[in-house]
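Chain residues, written in single-letter form:
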Amino acid sequence: MEGSPPTVIVTHGLSKEYDMGAEIVYALRGVDIQIRRNEFIAVMGPSGSGKSTLMNLIGCLDTPTAGEYILNGSPVQDLEDDELARIRNREIGFVFQTFNLLPRATALHNVELPLIYAGVKAAARREKAAVALDRVGLADRMEHQPNELSGGQRQRVAIARALVNEPSILLADEPTGNLDSATSADIMSLFVELHRGGQTIIMVTHEHDIAEFAERIITLVDGMVASSHARLTTAPFASTAPPVISE
Amino acid sequence: MSVLEALRIALTQIWAHKLKSLFSLIGVVIGITFLIAVITVVEGMNRYVQEDFAGSLFGVNTFSVTRRPTIGTGTQSAEERIRLARNPYPDLEDVAAVRRAVPDARYLSWRDARRMREVWHGQRRRRNIRVIGGSEDYQDIQGWKIETGRGLTPLDQQRALKVAVIGPEIAEKLFPDGSAVGKLIRLQAYRYEVVGVFERKGGLLGNAWDAAVLMPYETYNQTLSRKRNRVLEISVKTNTESEMQAAMDGTEEALRIVRGLRPGEENNFHFQTSSGLLSAWETINNILLAAVPGLVSISLVVGGIVIMNIMLVSVTQRTREIGVRKAMGATQRDIMLQFLAESSIVSLLGAGLGIALGLGLGKLVERLSPLPASIPTWALATAIGLGLVVGLSSGIYPARRASRLDPIDALRYE
């Protein structure tokens, strides 16, 4: 495609098998995907289809048993632990279903975390973290600890933390799994906004209405890509019913 | 991540779990307290012996001749002790020989002494005292000071007058109104006029002198002496250290002649010097210090194990946090540093507390005894060094475990 944005992720025959002793479990059996910059992808599939394994591989938390994974033009499938840690730090922003914030640290400190490992100095760190929190609408909650925040606010802190190092990819694993539908919609509109701002987002979900916010849905079945198609509608809000549950 | 950053994270963590941190450093506190307290006391005794005790018994450039060493170190063999016990006491003949051998001595003095059951004044008495017959110069060579009245004079000595200077404890007991000078005291059947009272010496071993009666040697020799002309100790003070060595050589020769020792026969007398006394003390001192490392290392090993255990529990409890940190880009080294910093700080805090408590104990000993509290810098440095070593070595295993956690498993850990 001419004039299309550069490719961020390319995988060829990406496979992962787990030796469980008695049997070998094939979690991924040759996944080929391409993701361009500024795409908003939803990865779907039934449980056991390999969604989580794929996320772990893309997030450089794990390495494949076979196949290639090229991130921003360089192969990463054979890297050592410390190099993977560096890539996680610079290229990937994680958002988890359970938020995974440090419980005794303030929102600001939580957001600073990736910057600590990036070697950013304390003053610059605070400033960047404050900007990131402002971006997700939590400028007035910086000194709050997670237990003083609502679920939606916690997930926003997590998103700010994921974005603070300006990663190539925002990798979200069931980001709305622990949230009610109204808050889910809030978080999704934040994702859409970030996407409009140029952020590449890959999101694992099993909820169709959440996946509807993405541009493209990749469906995995039995460790293989079953389908990959762009969503038909282009304006997510227009097509989505208000998520408030009526009586 | 820098070491500084690791320390910051560790401090935050320690502060967040104050009680747990406090418990984990108890073992180290005990070990270091013990180390510092023992070294403080031993060093205090050291200083006391060197500055007060030895100095008061023997000034510089002073040596004395006795029958055998007054302070046994327990290092002599049985045969040696038997041989020393056969040595005759010095007597006035020996004194005369020494006087001839060291004519230019600054001081030459001798004394005999005995313990006595009681001293009387009227119906008052003081039990368990020491009576000393000292020659001229004796009170000077001992550095005894007079509180009231006067000391013994050459005239007292020459005429063997029945006069005495008494220690403060006797004066208090016999003359509670403080009017000792000019009164009579009675020892057995003899009466002596009190001419002066000594200043209190106090001190760990000085108490005995506070309950002493000093009289001219010749007076003692004629009245209370157990054996005529016997001398317990002949003391010689020379002007310089080099003169002292020459005087000792001359004295040795003179005594061998006067005692009729054949060549090759061993001396049947003993030289005592302040340096000799100090070396005896050093032997005791070394035994004390040799016991410290063993006891300290036991408590530090226990302290280290306590820290390691608590750190291991902490690693398990914080598995998820470790997973998050790894997902955010922490390397194995970063996690390792964080936990090592934590165990080191805990252990160093323990060492710091231990130093404070140990010094406190030392101060307490100083208050309750005449020993000065003295802590050498090397002991503080050792305490801090040990704290660091315990912290690092007890943290290394938990830190390795934390750093090697698989991030996926760690993130999923409930």
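These remarks concern the structure in this document. The structure displayed is predicted, hence computed values, not measured ones.

A few words now on the overall build of chain A. The helix and strand inventory of chain A stands at 8 helices and 10 strands. Taken over 247 residues, chain A has a buried fraction of 51%. Pairs at least 24 residues apart make up 69% of the contacts formed inside chain A by residues separated by at least 6 positions.

Once that is clear, we can look at the overall build of chain B. Looking only at helices and strands, one finds 16 helices and 10 strands in chain B. Taking all 414 residues of chain B together, 49% fall into the buried category. For chain B, the proportion of contacts with a sequence separation of at least 24, taken over those separated by at least 6, is 79%. As displayed, chain B offers around 20100 Å² of accessible surface, 57% of which is attributable to carbon and sulfur atoms.

With that settled, the discussion passes to a positive patch on the surface. Residue and element names in this part refer to chain B. Taken together, the side chains of Arg117, Arg124, Arg127 and Lys173 define a basic patch exposed on the protein surface. Inspection of the secondary structure puts arginine 127 in strand 3 (residues 124-134). Arginine 127 gets classed as partly exposed once you look at its relative accessible area, which sits at 45%.

Here the focus is the sheet that holds strand 5 (residues 74-75) of chain A. Residues and elements named next belong to chain A. Read across the sheet, 4 strands follow the order 2-1-4-5 without closing on themselves; strand pairing throughout is antiparallel. Strands at the two margins of the open sheet, each flanked by one partner only, are strand 2 (24-36) and strand 5. Running at roughly 60 degrees to strand 2, helix 1 (residues 51-58) makes contact with strand 1 (7-19), strand 2 and strand 4 (66-71) of the sheet.

Time to look at the interface of chain B and chain A. Contacts between the two partners involve 24 residues from chain B, matched on the other side by 21 residues from chain A. Summing the contributions of chain B and of chain A, the shared interface buries around 2000 Å²; its carbon and sulfur component is 59%. Inspection of the region where chain B meets chain A yields 1 salt bridge. Arginine 125 of chain A is the partner of glutamate 5 of chain B in a salt bridge, and the nearest nitrogen-oxygen pair spans 2.9 Å. Seen at the junction of chain B and chain A, the total is 8 residue pairs in polar contact (both at pLDDT 80 or more). Among the elements of the structure, helix 1 (3-16), helix 13 (319-327), helix 14 (332-368) and helix 16 (407-412) of chain B are those that each provide at least two residues to the side of chain B that touches chain A. Sort the elements by how many residues they give to the side of chain B that touches chain A and helix 13 of chain B lands first, with 6 residues. Of the residues assigned to the side of chain B that touches chain A, the class counts are 10 nonpolar, 5 polar and 9 charged.

Right, let's get into empty space enclosed by the protein. All names here are of chain B. Tallying each qualifying case throughout the model produces 5 cavities of 30 Å³ or more. At the level of elements, helix 1, helix 2 (18-24), helix 12 (274-317) and helix 14 are the ones that each hand at least two residues to the lining of the largest cavity. In terms of residues, the lining of the largest cavity owes the most to one element, helix 12, which gives 4 residues. For the lining of the largest cavity, the residue count by class is 5 nonpolar, 5 polar and 2 charged.

With that settled, the discussion passes to the packing of helix 5 (residues 92-101) of chain B against helix 11 (residues 241-258) of chain B. Residue and element names in this part refer to chain B. Relative orientation of the contacting elements helix 5 and helix 11 amounts to 140 degrees, with a least axis distance of 9 Å. Taken together, the axes of helix 5 and helix 11 are oblique relative to one another. In this structure, helix 5 meets helix 11 at a crossing whose hand is right-handed. Contacts between helix 5 and helix 11 involve Glu93, Asp94, Ala97, Val98 and Ala101 from the former and Gly250, Thr251, Ala254, Leu255 and Val258 from the latter. Partitioned by chemical class, the residues of the contact of helix 5 with helix 11 number 6 nonpolar, 2 polar and 2 charged.

The next thing to look at is the packing of aromatic side chains. Residues and elements named next belong to chain B. Tallied over the full model, the rule gives 5 aromatic pairs over all chains. Aromatic side chains tryptophan 110 and tyrosine 217 sit 6.3 Å apart centroid to centroid with 70 degrees between the ring planes, which places their arrangement in the edge-to-face category. Placement of tryptophan 110 in strand 2 (residues 107-121) and of tyrosine 217 in helix 10 (residues 217-223) is noted, with a sequence separation of 107 residues between them. For the residue pair tryptophan 110 and tyrosine 217, the accessibility class agrees, reading buried in each case. When the centroid spacing of 5.8 Å and the interplanar angle of 90 degrees are considered together, the rings of phenylalanine 269 and phenylalanine 271 count as edge-to-face. Note on phenylalanine 269: relative accessible area 6%, which makes it buried. Through successive ring pairs, a cluster of aromatic residues spans Phe63, Phe269 and Phe271. Over the ring of tryptophan 15 we find lysine 18; its NZ or CZ atom is 4.3 Å from the centre of that ring.

Moving on to the nonpolar core. Grouped together as the largest cluster of nonpolar side chains are 76 residues, with contacts concentrated most on Ile9, Leu54, Tyr69, Leu71, Ile169 and Ile202 of chain A together with Ile32 of chain B. It is helix 14 of chain B that contributes the most residues to this core, 10 residues altogether. Sequence-distant contacts of isoleucine 9 of chain A, defined by excluding residues within four places in its chain, comprise Ile33, Gln34, Ile35, Ile58, Tyr69, Ile70, Leu71, Ile169 and Ile202 of chain A. Grouped together as the second largest cluster of nonpolar side chains are 41 residues, Leu138, Ala158, Ala172 and Met188 of chain A included.

All names here are of chain A. Most of strand 7 (residues 169-173) is tucked away: 4 of the 5 residues are buried. Direction of pairing for strand 6 (residues 92-95) relative to strand 7: parallel, over a ladder of 4 bridges. When the bridges of strand 7 are listed, glycine 93 appears paired with leucine 170. In this structure, strand 7 lies alongside strand 8 (residues 200-204), joined through 5 bridges in parallel fashion. Directly across from leucine 171, in strand 8, lies its bridge partner isoleucine 202. Between the parallel elements strand 7 and strand 8, the chain passes through helix 6 (residues 181-196) in a crossover that is right-handed.

Residues and elements named next belong to chain B. Relative orientation of the contacting elements helix 13 and helix 14 amounts to 140 degrees, with a least axis distance of 10 Å. Our classification of the angle between helix 13 and helix 14 gives oblique. Remark: the crossing between helix 13 and helix 14 carries right-handed chirality. Along the contact surface, helix 13 presents Glu321, Ile322, Arg325 and Lys326, while helix 14 presents Gln332, Ile335, Gln338 and Phe339.

What counts and what doesn't
- Residues numbered from 1 in each chain as written.
- Chains lettered and ligands numbered in written order.
- Predicted model: local features only at pLDDT ≥ 70, side-chain atom pairs only at ≥ 80, totals over all residues.
- Heavy atoms only, no water.
- Helix = DSSP H or I, 4+ residues; strand = E, 2+ residues; numbered from the N terminus.
- Buried < 20%, exposed > 50% of the residue type's maximum accessible area, 1.4 Å probe, protein only.
- Contact = heavy atoms within 4.5 Å.
- Areas by Shrake-Rupley, 256 points an atom, 1.4 Å probe, with all protein chains shown as cover.
- Patch = residues over 30% accessible without salt bridge, like charges linked within 9 Å, V, L, I, M, F, W, Y side chains within 5 Å.
- Salt bridge = Lys/Arg side-chain N within 4 Å of Asp/Glu carboxyl O.
- Lys, Arg positive; Asp, Glu negative; His and termini not counted.
- Charge placed at Lys NZ, Arg CZ, Asp CG, Glu CD.
- Pairing = 2+ DSSP bridges.
- Axes fitted to C-alpha atoms, helices over the stretch in contact; angles between N-to-C directions.
- Buried area = accessible area lost by both parts, 1.4 Å probe.
- Polar contact = N/O pair within 3.5 Å; in protein donor to acceptor, adjacent residues only side chain to side chain.
- Nonpolar A, V, L, I, M, F, W, Y, C, P; charged D, E, K, R; others polar.
- 1 Å grid on protein atoms, 1.4 Å probe; cavity = no way out; pocket = protein on both sides within 12 Å on 5 of 7 lines; lining within 4 Å.
- Points joined across faces, edges and corners; volume = space filled by probe spheres on them.
- Parallel < 35°, antiparallel > 145°, perpendicular 65-115°, else oblique.
- Left-handed = near helix turned anticlockwise from the far one by under 90°.
- Phe/Tyr/Trp six-rings, centres within 6.5 Å; stacked < 30°, edge-to-face > 60°.
- Lys NZ or Arg CZ within 6 Å of the ring centre and 35° of its normal.
- Core = buried A, V, L, I, M, F, W, Y, C linked by side-chain atoms within 4.5 Å.
- Right-handed = clockwise from strand over helix to strand, strands pointing away.

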